[in-house]
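# Results of the structural survey
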Amino acid sequence: MATAARSDGSGTADFGAGRSSWWNWPLQQWPWPAVAPQQLSQPINSGWSLVSVTHNNSSAPDIERDVLQQHSYGRQIGRLMDAVSALAEKLPPKEKSDKRIADFQTLAREVERIKQSARQPRVERLQKELDALRREDPNAYRQLKAKLP
C-alpha cells in the first residue's frame with residue numbers, strides 16, 4: 001500500500017484506497033456492446049483496390065476487372081489526358097481560350113508537376129536500395145548492373 005504524509009500534518013494519505021474504483025471509472029460507463037461490431041469480416045484481396053466493381057456500378061464487371069488487371073484507372077486517365085492535351089495543342093487560339101480547355105490544361109500541368117516532384121524521392125530510394133544491394137549481395141548487384149542498358 002502506498003502512503004504519504006499529508007502536508008497539513010493530519011496523518012497519512014492512502015493512495016491505494018479506492019484504486020480499484022477510480023482507475024477504471026470510464027470503462028464502467030462505456031456501452032461496450034453498443035459500439036462493438038455485431039459481425040466481423042475482412043475480405044482479403046491480393047490485388048487490393050479501392051474500387052469494387054459489381055453489377056451495380058458496371059454493365060460488364062468481369063470485363064472491367066480484367067481491364068483493371070492490365071491498366072489501372074490512373075494509367076487509363078493519364079493516356080486520355082495525353083490524347084486530349086495533344087488535341088488541345090492543335091486548337092486555334094480563340095478556342096484554346098475556352099474555360100473548359102484552360103481548366104483541362106491547368107489540370108494537366110498540375111498532374112505533370114506532381115509526377116515530376118515524385119521522381120526525385122523515387123530516385124533517392126532506388127539509389128539507397130542499390131547501395132544496400134551492392135554491400136549485402138555484390139554478386140546480385142553485378143548481375144543487375146549487367147542487365148541495365
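Above this note sits the structure.
Residues numbered from 1 in each chain as written. Predicted model: local features only at pLDDT ≥ 70, side-chain atom pairs only at ≥ 80, totals over all residues. Heavy atoms only, no water.

For an α-helix the count is 3.6 residues per turn, leaving residues at separations of three or four pointing the same way. Compared with an ideal rise of 1.5 Å per residue, which puts 38 residues at 56 Å, helix α7 (residues 99-136) spans 55 Å between its outermost C-alpha atoms and is within 8% of the ideal. Looking only at α7, the buried set comprises F104, A108, D131 and A132. (Helix = DSSP H or I, 4+ residues; strand = E, 2+ residues; numbered from the N terminus. Expected span 1.5 Å × (residues − 1). Buried < 20%, exposed > 50% of the residue type's maximum accessible area, 1.4 Å probe, protein only.)

Next up on the list: the packing of helix α5 (residues 73-89) against α7. Remark: α5 packs on α7, axes separated minimally by 11 Å, with the N-to-C direction vectors making an angle of 130 degrees. Looking at the two axes, α5 sits oblique to α7. As for how α5 packs across α7, the hand of that crossing is left-handed. For the pair α5 and α7, contact is made by M81, V84, S85 and A88 and by I101, F104, Q105, L107, A108 and V111, respectively. In terms of residue class, the contact of α5 with α7 is made up of eight nonpolar, two polar and no charged. (Axes fitted to C-alpha atoms, helices over the stretch in contact; angles between N-to-C directions. Parallel < 35°, antiparallel > 145°, perpendicular 65-115°, else oblique. Left-handed = near helix turned anticlockwise from the far one by under 90°. Contact = heavy atoms within 4.5 Å. Nonpolar A, V, L, I, M, F, W, Y, C, P; charged D, E, K, R; others polar.)

The space that makes up the second largest pocket amounts to roughly 170 Å³. G78, M81, D82, S85, A108, V111, E112 and K115 together form the lining of the second largest pocket. Mapped onto the lining of the second largest pocket, the elements with two or more residues apiece are α5 and α7. Taken together, the residues that form the lining of the second largest pocket break down as three nonpolar, two polar and three charged. (1 Å grid on protein atoms, 1.4 Å probe; cavity = no way out; pocket = protein on both sides within 12 Å on 5 of 7 lines; lining within 4 Å. Points joined across faces, edges and corners; volume = space filled by probe spheres on them.)

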